[in-house]
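An overview of the molecular structure
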Amino acid sequence: MGDSSGSVLTAALLCFFAMDEELERDERVFLLGEEVAQYDGAYKVSRGLWKKYGDKRIIDTPITEMGFTGIAVGAAMAGLRPICEFMTFNFSMQAIDQVINSAAKTYYMSAGLQSVPIVFRGPNGASAGVAAQHSQCFAAWYGHCPGLKVVSPWNAEDAKGLLKSAIRDDNPVVFLENELMYGVPFEMSEESQSKDFTIPIGKAKVERQGTHVTMVTHSRYVSHCLDAAAVLAKEGIECEVINLRTIRPLDVDCIETSVMKTNHLVTVEGGWPQFGVGAEICARVMEGPAFNYLDAPATRVTGVDIPMPYAKILEDNSLPQIKDIIFSVKKTLNV
Amino acid sequence: MLSNISNVLRAGAQKNGAALVMSARSYSDFTTQASFEIKKCDIHKLDEAPATEVVMTRDEGLQYYRTMQTMRRMELKADQLYKQKIIRGFCHLYDGQEACAVGIEAAINLTDHLITAYRAHGYTLTRGGTVREIMAELTGRRGGIAKGKGGSMHMYSKNFYGGNGIVGAQVPLGAGVALACKYFGNNELCVSLYGDGAANQGQIFETYNMAALWKLPAIFICENNRYGMGTSVERAAASTDYYKRGDFIPGLRVDGMDILCVREATRFAAEHCRSGKGPILMELQTYRYHGHSMSDPGVSYRTREEIQEVRGKSDPISLLKDRMLSNNMASVEELKEIDVSVRKEIEDAAQFATTDPEPPLEDLCNHIFYNDPPLEVRGTNPWTKLKSVS
């Protein structure tokens, strides 16, 4: 499989490296989920792990999410550090009671007696042509719940650093990967190649500095925003692009600081608009000091409020495209 | 004989420090242990069954009696406090089922693990909780076992994972604990309890499958008290042979009103698990005197005659008491002394539970995350910023 010392690597590979390094570092870490072992992972993220660590630590489960998620949570309660993979987060709905009621709430209900160090990870949101039941974004659903940390990496470095932090975290972490980002190559920094490279959960990153508008986004749409920013720059509009990295807890300070500088806010996400991540960001900005710096109402760019269709032309028009982002920025800036 | 005296003295001194009234008879008159014939278990996919002739010592009998009586009185006190509105919300009482909790614990170690559903006060006691902290949790005070933040359904202690409110969810959790036992190679096991109502849950069958596949050291125990809330077993389950529902998992059906049956079956099951054979299922046939919870009078779906009959013929504490008395293992006075001492313990605990202050408001947002720096939590409005520490 190689090591992470190459300089251009994909997000999938980096998830693999994160898991490999943490499995090696701590005996209590193990991975379970459908096809994670002998199939090498449904999306090949865990390829090679079973050969290296064997049956005890890389466990193929039957197709029974509610059962195996409960088992993973119980194992975490008893002192192990499971990584529970959902083949996609759509299937986590079958197990969502275990994620919320058994994992997220337990430390609170027990007043600190029982902690649950578990990571729930897998691809989230739209893929390509997989239709309505396999395309939902769960950032808002999980982001709603106290007791959970919800992380949404964008690039390969995010994937590695945040997944390592998630595995080392003593609390339940929902780690929302993106299938379309798995295969995208990114250049890796020197420091990201270390076995102790972690990115703190709860801190957003300004991927691009700008002065005219703040774009707040997560996961795949960071790429879209950066592409839109490049186009807008040619027209003299300088966008500041914030990669949230973590959905919960939200780095409101980073957003506010930026909005106080640019006076304009556009949120971009793949999920549905109603009660979504963008809605929360707008509400938070209204409640804080940055509101007085807004020169225009904040704008949300989101997925279309429909179940995901199959036909390519329909699917393409169900999700924010770069032209939609550019359009929305210009409308917000009234240009 | 001398050890019996010192045990009783020690027990008396521990409980309330009061001077122990020596009964008229000398302790050398009592039998130190006796054999008992118990009901044979029905077995499923097993070649052997638990023993039907078992030995109980006087010390064991006294301890079981005291624990069951404590459990009984604690639950009855909770009933009282609930009716006085000092306990609120849900309160699912265990009286009638004492032989299950006490019998199971008698056959496992505190280093083993146990998880159950919401009818959990008895297990919180057997797993190391004190009556004080259980009652104070019911009344929502800071001295409660979960500092007042969990309530009746969310009590925890070492190797006891609650107290779980979602029917059936505790079973996969328990199998996960068993997985950890196997992973660590520590020869421990996990007992996962559920009721006849939960027994039809899909996630339980998912758990049976994985526990058997991976040979987890898991004892699944169905406490069949004949009613899932108000629905009798015949109306809820196409097959009421709960001990067979594990299909490929061997099973035992046990008289859950007889503590010695429960103990012996649990011993058998524990041995099965620890020898690496994988999971095993036990169905304990038991009965609850109260309704499903305090909001259920418990008589719209069953008859008062049925309740009286069980109380009259099968009460677990009476069964034990009769056994001990008729085998000369204890005297009536001695057992009465235990009753008095238990009553006092419960009164003290209730006193504490009603006078201990509620948790401080500063505690509202604590315990969201473990081992994390303090974080800010939004209050009910944007100007209220609350603090949360681990």
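None of these values were measured; they are calculated from a predicted model.

Let us look at the overall build of chain A. The number of helices and strands found in chain A is 13 helices and 14 strands. Taken against the 2.2 N^0.38 rule, which gives 20 Å for 335 residues, the C-alpha radius of gyration of chain A at 20 Å falls within 12% of a compact globule. By principal-axis analysis of the C-alpha atoms, chain A measures approximately 60 × 45 × 40 Å. Counting every position in chain A, which comprises 335 residues, the buried fraction comes to 62%. Partitioning the intrachain contacts of chain A with sequence separation of at least 6 by distance along the chain shows that 81% fall at a separation of at least 24.

With that out of the way, let us pick up the domain arrangement of chain B. According to the domain assignment, chain B consists of domain 1 (33–359) and domain 2 (362–389). For domain 1 of chain B and domain 2 of chain B, the distance between their C-alpha centres works out to 36 Å.

Before going further, it helps to spend a moment on the UniProt feature "domain: Dehydrogenase E1 component" (unreviewed entry) in chain B. Look at the UniProt record and you will see "domain: Dehydrogenase E1 component" (unreviewed entry) annotated at residues 66–361 of chain B. Across residues 66–361 of chain B one finds 46% helix and 10% strand; the C-alpha atoms that close the span lie 38 Å apart.

Next up on the list: the domain arrangement of chain A. Residues and elements named next belong to chain A. Taken domain by domain, chain A consists of domain 1 (9–193) and domain 2 (205–333). Placing the centre of domain 1 and that of domain 2 at their C-alpha centroids yields a distance of 26 Å. Between domain 1 and domain 2 lies a buried interface of about 2000 Å² when both sides are counted; carbon and sulfur atoms form 59% of it. Residue arginine 245 pairs with aspartate 158 through a salt bridge whose shortest N-O separation is 2.8 Å. Mapped onto the side of domain 1 that touches domain 2, the elements with two or more residues apiece are helix 6 (139–143), strand 6 (149–151), helix 7 (156–168) and helix 8 (179–182). At four residues, the largest contribution of residues to the side of domain 1 that touches domain 2 is made by helix 6. Here the residues of the side of domain 1 that touches domain 2 sort into 19 nonpolar, eight polar and two charged.

This part covers the nonpolar core. In terms of nonpolar packing, the biggest core is built from 76 residues, with A:Phe120, B:Tyr194 and B:Phe220 touching the most fellow members. Among the elements that take part in this core, helix 6 (residues 170–184) of chain B stands out by supplying eight residues, more than any other. Contacts of A:Phe120, omitting those with residues within four sequence positions, involve A:Thr69, A:Val73, A:Cys84, A:Phe86, A:Phe89, A:Val99, A:Ala103, A:Pro172, A:Val173, A:Val174 and A:Phe175. Formed by 70 residues, the second largest nonpolar core is a distinct cluster that contains B:Ile38, B:Cys41, B:Tyr65 and B:Ala270.

Strand pairing in a sheet is mediated by backbone hydrogen bonds. Such pairs are either parallel or antiparallel. Residues and elements named next belong to chain B. Within the open sheet, the six strands sit side by side as 2-9-10-6-5-4. Their pairing is mixed. The open sheet has two edge strands, strand 2 (42–44) and strand 4 (113–115), and neither has a second partner. Mean inter-strand twist for the sheet, computed between neighbouring axes without regard to direction, equals 20°. Sheet topology note: the strand 6 (residues 218–224)/strand 10 (residues 280–285) ladder contains six bridges and is parallel. Residue pairing in the sheet places isoleucine 219 in a bridge with isoleucine 280 of strand 10. In the packing of helix 6 onto the sheet, the strands contacted are strand 4, strand 5 (190–195) and strand 6, and the crossing angle to strand 5 comes to about 170°.

Residues and elements named next belong to chain B. For the pair helix 2 (residues 58–83) and helix 5 (residues 131–138), the least separation of the axes is 11 Å and the interaxial angle reads 25°. Judged by the angle between their axes, helix 2 and helix 5 are roughly parallel. The interaxial crossing formed by helix 2 with helix 5 has right-handed handedness. Residues Thr70, Met74, Lys77, Ala78 and Leu81 of helix 2 touch helix 5, and the partners they reach there are Val131, Ile134, Met135 and Leu138. A class-by-class count of the residues in the contact of helix 2 with helix 5 yields seven nonpolar, one polar and one charged.

To continue, consider the sheet that holds strand 13 (residues 265–268) of chain A. Residue and element names in this part refer to chain A. Read from one edge of the open sheet, five strands run 9-11-10-13-14, paired in mixed fashion. Both edges of this open sheet fall to strand 9 (205–208) and strand 14 (299–301), since each of them pairs with a single strand only. Across the sheet, the axes of successive neighbouring strands diverge by a mean angle of 25°, strand direction being ignored.

This next bit is on the packing of aromatic side chains. Inspection of the entire model under this criterion finds 16 aromatic pairs over all chains. Geometrically, the ring pair formed by A:Tyr43 and A:Tyr182 is tilted, given 5.9 Å between the ring centres and 40° between the ring planes. With A:Tyr43 in the loop between strand 2 (29–33) and helix 2 (49–53) and A:Tyr182 in helix 8, the pair connects residues that are 139 residues apart, well separated along the chain. Overall, A:Tyr43 belongs to the partly exposed group, its relative accessible area being 29%. The interplanar angle of 85° and the centroid separation of 5.3 Å between the aromatic rings of A:Phe138 and A:Trp141 together place this pair among those described as edge-to-face. A:Phe138 gets classed as buried once you look at its relative accessible area, which sits at 0%. One aromatic cluster is present, built from ring pairs that chain together A:Phe86, A:Phe89, A:Phe120, A:Phe138, A:Trp141 and A:Tyr142. Lying across the ring of B:Tyr289, B:Arg311 places its NZ or CZ 4.1 Å from the centre.

Our next topic: helix 1 (residues 11–25) of chain A. Residue and element names in this part refer to chain A. End to end, helix 1 covers 21 Å across 15 residues, agreeing with the expected 21 Å (1.5 Å per residue, within 8%). Taken across its 15 residues, helix 1 has 12 buried, putting it largely inside the fold. Along helix 1, the positions that sit buried rather than exposed are Ala11, Ala12, Leu14, Cys15, Phe16, Phe17, Ala18, Met19, Asp20, Glu21, Glu22 and Leu23.

Applying the stated rule across the entire model yields 42 salt bridges over all chains. Between B:Lys77 and B:Glu347 there is a salt bridge, with the nearest N and O atoms lying 3.0 Å from each other. Of this pair, B:Lys77 sits in helix 2 while B:Glu347 is found in helix 12 (residues 332–355), placing the two residues 270 residues apart along the sequence. A relative accessible area of 11% places B:Lys77 in the buried class. Here B:Glu347 falls in the partly exposed class, since its relative accessible area comes to 41%. Each of A:Glu21, A:Glu22, A:Arg25, A:Lys160, A:Lys164, A:Arg168 and A:Asp196 takes part in a single network of salt bridges with overlapping partners.

Turning next to the packing of helix 3 (residues 65–77) of chain A against helix 4 (residues 96–104) of chain A. All names here are of chain A. Here helix 3 crosses helix 4 at 20°, and the two axes come no closer than 9 Å. By the angle between their directions, the pair helix 3 and helix 4 is classed as roughly parallel. Seen from above, helix 3 lies across helix 4 with right-handed handedness. Contacts between helix 3 and helix 4 involve Met66, Thr69, Gly70, Val73 and Met77 from the former and Gln98, Val99, Ser102 and Ala103 from the latter. Looking at the contact of helix 3 with helix 4, its residues break down into five nonpolar, four polar and no charged.

All names here are of chain A. Taking every second residue as pointing to the same face, both faces of strand 13 are buried, with Leu265 and Thr267 on one and Val266 and Val268 on the other. Bridge analysis of strand 10 (residues 213–217) against strand 13 gives four bridges, and the strand direction is parallel. The residue of strand 13 that forms the bridge with threonine 214 is leucine 265. Two elements, strand 13 and strand 14, share three bridges in a ladder whose sense is parallel. Counted as the bridge partner of valine 268 is valine 301 from strand 14.

At the junction of the two partners, chain A supplies 46 residues and chain B supplies 36 residues. Summing the contributions of chain A and of chain B, the shared interface buries around 3600 Å²; its carbon and sulfur component is 68%. Our count for the contact surface shared by chain A and chain B stands at two salt bridges. Ionic pairing is found between B:Arg378 and A:Glu287, a salt bridge with its closest N-O pair at 2.3 Å. Sorting the residues of the side of chain A that touches chain B by element identifies strand 2, strand 3 (58–60), helix 3, helix 4 and helix 5 (106–109) of chain A as the ones contributing at least two each. Counting residues per element, the side of chain A that touches chain B draws most heavily on helix 3 of chain A, which supplies 10 residues. Of the residues belonging to the side of chain A that touches chain B, the class tally is 19 nonpolar, 16 polar and 11 charged.

Cut-offs used in this document
- Residues numbered from 1 in each chain as written.
- Chains lettered and ligands numbered in written order.
- Predicted model: local features only at pLDDT ≥ 70, side-chain atom pairs only at ≥ 80, totals over all residues.
- Heavy atoms only, no water.
- Helix = DSSP H or I, 4+ residues; strand = E, 2+ residues; numbered from the N terminus.
- Rg over C-alpha atoms; globule rule 2.2 N^0.38 Å.
- Buried < 20%, exposed > 50% of the residue type's maximum accessible area, 1.4 Å probe, protein only.
- Contact = heavy atoms within 4.5 Å.
- Domains from an automatic or database assignment.
- UniProt positions renumbered as here; feature names shortened; annotations may be inferred.
- Buried area = accessible area lost by both parts, 1.4 Å probe.
- Salt bridge = Lys/Arg side-chain N within 4 Å of Asp/Glu carboxyl O.
- Nonpolar A, V, L, I, M, F, W, Y, C, P; charged D, E, K, R; others polar.
- Core = buried A, V, L, I, M, F, W, Y, C linked by side-chain atoms within 4.5 Å.
- Pairing = 2+ DSSP bridges.
- Axes fitted to C-alpha atoms, helices over the stretch in contact; angles between N-to-C directions.
- Parallel < 35°, antiparallel > 145°, perpendicular 65-115°, else oblique.
- Left-handed = near helix turned anticlockwise from the far one by under 90°.
- Phe/Tyr/Trp six-rings, centres within 6.5 Å; stacked < 30°, edge-to-face > 60°.
- Lys NZ or Arg CZ within 6 Å of the ring centre and 35° of its normal.
- Expected span 1.5 Å × (residues − 1).

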